[in-house]
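Descriptive analysis of the structure
Spelled out, the chains give:
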Amino acid sequence: MRIDVVSIFPEYLAPLELSLIGKARQDGLLELNVHDLRTFTTDKHRTVDDTPYGGGAGMVMKPEPWAQALESIAEGHDGTKPVLIVPSPAGERFNQALAYELAEEKQLVFACGRYEGIDERVMDWARDHFTVRPVSLGDYVLNGGEVAVLAMVEAIGRLLPGVVGNPESLIEESHSDGLLEYPVYTKPSSWRDHEVPEILLSGNHGKIAQWRRHEQFRRTAERRPDLLADFDAGALSRADRNAL
Ligand SMILES: NC(=S)c1ccno1
């Protein structure tokens, strides 16, 4: 996969040189390019914003630098358009399912807006060259898209083949099966008068699996009942029914 990020603060994306994503880049599992939007300006002040038509507070990002930046990045992929992801509180909600969907793409381009946002005509123009997807991390407002890109690139990048050491660890994570993950424990079995659940010391793998599944349902009901509302009751296995 190729990922491109366009920002007026490219240094904000430096953490993507670290840890799992950084190693994936070094190993050639992921190509990641960060572009400074100001590179695509033509005036001596390298201007990227201007006042909004219709009035109102703040500034709006000018369209031309964005069009030039995006034109320089878009690669043709045997007829499929790259996906242009625009982090925005006005976007579709990012979740694990969308992370898996986007991990299948050949090229993702992230446009980090600042100020009051990017001139909407950029999105209209971009639809001829990209699949344009405004995406929100959550119902809150950040000062720009960079923080959201860090989160999304990590969530997507870790799903790519070879990035995490043990692919098994992706299977039982929160949201991988529509439920929150079960609690985990390690040595010592007794710690500051807090004990590891006996069942986990029993060696009975069937009972342990049942206990873990029950904990997933219990936690999800307690913390995220909305997820249970979406959970397909018809998909409940016999093991699930026993765990409930
Ligand atoms: N909620 C998101 S992703 C966002 C981007 C910019 N401001 O908020």
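Now for a description of the structure that goes with this document. Model, not experiment: these values are computed from the prediction. (Residues numbered from 1 in each chain as written. Predicted model: local features only at pLDDT ≥ 70, side-chain atom pairs only at ≥ 80, totals over all residues. Heavy atoms only, no water.)

**Regarding the overall build of the chain**
The number of helices and strands found in the chain is eight helices and nine strands. Relative to the globule expectation of 18 Å for 244 residues, the C-alpha radius of gyration of the chain, 22 Å, shows a markedly less compact shape. When its C-alpha atoms are laid out on the principal axes, the chain stretches across 70 × 45 × 40 Å. Counting only contacts in the chain whose residues sit at least 6 apart along the sequence, the fraction spanning at least 24 positions is 74%. Taken as a whole, the chain presents about 14100 Å² of accessible surface, with 51% of it coming from carbon and sulfur. Each charge sign in the chain was given a centre, from 26 positive and 39 negative side chains, and these centres are 4 Å apart. (Helix = DSSP H or I, 4+ residues; strand = E, 2+ residues; numbered from the N terminus. Rg over C-alpha atoms; globule rule 2.2 N^0.38 Å. Contact = heavy atoms within 4.5 Å. Areas by Shrake-Rupley, 256 points an atom, 1.4 Å probe, with all protein chains shown as cover. Lys, Arg positive; Asp, Glu negative; His and termini not counted. Charge placed at Lys NZ, Arg CZ, Asp CG, Glu CD.)

**Some points on the pattern of salt bridges**
As enumerated under the stated definition, the model contains 13 salt bridges in all. Notably, a salt bridge pairs Glu-173 with Arg-158, separated by 2.4 Å at the nearest N-O pair. With Glu-173 in the loop between α5 (146-157) and β8 (190-191) and Arg-158 in the loop between α5 and β8, the pair connects residues that are 15 residues apart, well separated along the chain. When its relative accessible area of 13% is taken as the criterion, Glu-173 is described as buried. The partner of Arg-224 in a salt bridge is Asp-226, and the shortest N-O contact between them spans 2.7 Å. Classification of Asp-226 by relative accessible area gives partly exposed; the value is 38%. (Salt bridge = Lys/Arg side-chain N within 4 Å of Asp/Glu carboxyl O. Buried < 20%, exposed > 50% of the residue type's maximum accessible area, 1.4 Å probe, protein only.)

**Let's talk about α5**
Its 12 residues place the ends of α5 16 Å apart at the C-alpha level, agreeing with the 16 Å of an ideal helix rising 1.5 Å per residue. Taken across its 12 residues, α5 has nine buried, putting it largely inside the fold. Residues Glu-146, Ala-148, Val-149, Leu-150, Met-152, Val-153, Ala-155, Ile-156 and Gly-157 constitute the buried set of α5. (Expected span 1.5 Å × (residues − 1).)

**Overview of the site of the ligand**
In the neighbourhood of the ligand, the contacting residues comprise Pro-87, Ser-88, Pro-89, Val-135, Ser-136, Leu-137, Gly-138, Tyr-140, Val-141, Leu-142, Gly-144 and Ala-148. Side-chain polar atom of Ser-136 to a nitrogen atom of the ligand: 3.4 Å apart, as the coordinates give it. Note that a nitrogen atom of the ligand is positioned 3.2 Å from one of the backbone N or O atoms of Gly-138. Relative to its unbound accessible surface of 260 Å², the ligand loses 95% to contact with the protein. Taken together, the elements giving at least two residues each to the shell around the ligand come down to β5 (83-93) and β7 (131-136). Top element by residues in the shell around the ligand is β5. It accounts for three residues. (Near = heavy atom within 4 Å. Polar contact = N/O pair within 3.5 Å; in protein donor to acceptor, adjacent residues only side chain to side chain.)

**Describing the side chain of Asp-4**
In this fold, Asp-4 is placed in strand β1 (residues 2-7). A distance of 3.1 Å separates the side chain of Asp-4 from the side chain of Asn-33, its partner in a polar contact. Look past the residues within four positions of Asp-4 in its chain and what remains in contact with it is Asn-33, His-35, Ile-73, Gln-107, Leu-108, Val-109 and Phe-110.

**Overview of helix α6 (residues 205-223)**
The first and last C-alpha atoms of α6 sit 26 Å apart over 19 residues, in line with the 27 Å expected at 1.5 Å per residue. Its side-chain oxygen 3.2 Å from the backbone nitrogen of Gly-206, Asn-204 forms the N-cap of α6.

**Some points on a nonpolar patch on the surface**
A cluster of nonpolar residues, Phe-9, Tyr-12, Tyr-140, Leu-142 and Val-147, forms a patch on the protein surface that exposes about 420 Å² of accessible area. Along the chain, Val-147 falls in helix α5. (Patch = residues over 30% accessible without salt bridge, like charges linked within 9 Å, V, L, I, M, F, W, Y side chains within 5 Å.)

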